[in-house]
Structures are given as structure tokens and as C-alpha cells.
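# Geometric and topological summary
Single-letter residue listing:
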Amino acid sequence: MRYKKPDRKNAQIIIDAATKDMKYTLTIEPTKESGSTIIRNIYECFRMLGDALLTSKGIESEDNFTPMQELLKVKVTTDRPINLISNLRRLRHNINYYGYIPSLDEVLDVIDIAKNTFEPLLKEIMKQILKP
């Protein structure tokens, strides 16, 4: 990790991009063919939230693990356990590096995780970033 000046403006830009991408991704019809793309996009949106949080603290991450770990530290109430997002990282890794093809049930579960955790995390992260 590299430390730099906290940048709330850049953190907001990252959050806006993650929100836009998540909104679009959730419009894609879940099928066996679209499943890998949906899972990759949802994972990336969560990673971006973690990256925004780090950026607002003046930390530049050099990997994908650190932003996801940062998300797990956020104290927020969600309908699904927040630690499920760490499973997204492993699933995306298997898709990208081992040619894993997720089942439709896995895709639907990831969509449900996103629908039940993304918005509450987003709101809490925004509070933290905007905090003086």
C-alpha cells in the first residue's frame, strides 16, 4: 500500500462509477451465458467501493484484496451477511483464471447479494467520506 493525500473528490468519482455500473449490471438478464459477466461486474463494483473508501483515507491499494477487506470493516446492517462479498472475489478469480462457468443459481445468488448489500454499504461509505 502507498500512502498519499486523502482525496474525497476522487473517492466520489469512483463511487459514482461503481453505482452506475451496478445499476446497469443489474439490468442484464441472468443466464448461464451472461453469468460470468454479471459476477465480474458485481465484484468490480464492490471493489470500487472499497477503493473509494481507501482513496478517501489517502491509501492507494496495489491489489484487489485490500479494497475488499476494507469493505468488510464497514459497520452496516444488511439483509445478507456482508462477509459474503469476500466469496465474490474467489468466484471471480475462478472465472477469470480457471475458466469456471457459474451456474444460474450462483449468478442469481450473487445478484441477490448485490441487491441486499450494495446500497447499505454505499450509504455508509458516503457518510464516512463526507464526514469532516
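What this report covers is the structure whose coordinates are included nearby. (Residues numbered from 1 in each chain as written. Predicted model: local features only at pLDDT ≥ 70, side-chain atom pairs only at ≥ 80, totals over all residues. Heavy atoms only, no water.)

Residue position: glutamine 69 is located in helix H3 (residues 65-72). Taking the C-alpha atoms as reference points, glutamine 69 and asparagine 83, 14 residues apart in sequence, are found 9.3 Å from one another. (Helix = DSSP H or I, 4+ residues; strand = E, 2+ residues; numbered from the N terminus.)

Attention shifts here to the packing of helix H1 (residues 8-25) against helix H5 (residues 104-130). To characterise two packed helices, one gives the angle between the axes of the helices and the distance between these axes. Packing of H1 against H5 leaves a shortest axis separation of 11 Å and a crossing angle of 165°. By the criterion of interaxial angle, the relationship of H1 to H5 is roughly antiparallel. The handedness of the crossing between H1 and H5 comes out as left-handed. Of the residues in H5, those in contact with Arg8, Ala11, Gln12, Ile15, Ala18, Thr19 and Met22 of H1 are Ala114, Phe118, Leu122, Ile125, Met126, Ile129 and Leu130. (Axes fitted to C-alpha atoms, helices over the stretch in contact; angles between N-to-C directions. Parallel < 35°, antiparallel > 145°, perpendicular 65-115°, else oblique. Left-handed = near helix turned anticlockwise from the far one by under 90°. Contact = heavy atoms within 4.5 Å.)

Attention now moves to the packing of H3 against helix H4 (residues 85-98). Look at H3 against H4: their axes get within 9 Å of each other, and the N-to-C directions meet at 160°. Classed by the angle they form, the pair H3 and H4 counts as roughly antiparallel. In this structure, H3 uses Phe65, Met68, Leu71 and Leu72 to contact H4, whose residues at the interface are Ile85, Ser86 and Arg89. Along the lines of polarity and charge, the residues of the contact of H3 with H4 split into five nonpolar, one polar and one charged. (Nonpolar A, V, L, I, M, F, W, Y, C, P; charged D, E, K, R; others polar.)

Right, let's talk about the nonpolar core for a bit. Ile42, Phe46 and Leu49 are the most contacted members of the largest nonpolar core, which has 36 residues in total. Residue assignment for this core shows that the elements contributing at least two residues are H1, helix H2 (35-56), H3, H4 and H5. The dominant element in this core, judged by the number of residues it contributes, is H5, at eleven residues. (Core = buried A, V, L, I, M, F, W, Y, C linked by side-chain atoms within 4.5 Å. Buried < 20%, exposed > 50% of the residue type's maximum accessible area, 1.4 Å probe, protein only.)

Before going further, it helps to examine the packing of aromatic side chains. Both the distance between ring centres and the angle between the ring planes are used here to describe each pair of aromatic rings. Enumeration according to the criterion identifies one aromatic pair in this entry. With a centroid separation of 5.5 Å and 80° between ring planes, the pair formed by phenylalanine 46 and phenylalanine 118 is classed as edge-to-face. In this pair, phenylalanine 46 sits in helix H2 while phenylalanine 118 sits in helix H5, placing the two residues 72 residues apart along the sequence. One exposure class covers both phenylalanine 46 and phenylalanine 118, and it is buried. (Phe/Tyr/Trp six-rings, centres within 6.5 Å; stacked < 30°, edge-to-face > 60°.)

Moving on: H1. With 18 residues, H1 should cover 26 Å at 1.5 Å per step; its first-to-last C-alpha distance of 25 Å lies within 8% of that length. Of the positions making up H1, those classed as buried are Ala11, Ile14, Ile15, Ala18, Met22 and Thr25. Relative to the axis of H1, the buried residues are bounded by an arc of 100° and lie together on one face. In H1, the exposed residues that point more than 90 degrees away from the buried face are Lys9, Ile13, Lys20, Lys23 and Tyr24. Tucked inside the fold, the buried residues of H1 contact H2 and H5. Two or three places before lysine 9, at the opening of H1, aspartate 7 has a side-chain oxygen 3.3 Å from that residue's backbone nitrogen. (Expected span 1.5 Å × (residues − 1). Arc of directions from axis to C-beta. Polar contact = N/O pair within 3.5 Å; in protein donor to acceptor, adjacent residues only side chain to side chain.)

What follows is about the pattern of salt bridges. Counting across every chain of the model gives eight salt bridges. Across the pair glutamate 70 and lysine 57 runs a salt bridge, and its minimum N-O distance is 2.4 Å. In this pair, glutamate 70 is assigned in helix H3 and lysine 57 in the loop between H2 and strand E2 (59-60), connecting sequence segments 13 residues apart. A salt bridge links arginine 80 to aspartate 112; the shortest N-O distance between them is 2.5 Å. With arginine 80 in the loop between H3 and H4 and aspartate 112 in helix H5, the pair connects residues that are 32 residues apart, well separated along the chain. By relative accessible area, which is 31% here, aspartate 112 ends up partly exposed. One connected set of salt bridges, linked through shared partners, spans Glu44, Arg47 and Asp51. (Salt bridge = Lys/Arg side-chain N within 4 Å of Asp/Glu carboxyl O.)

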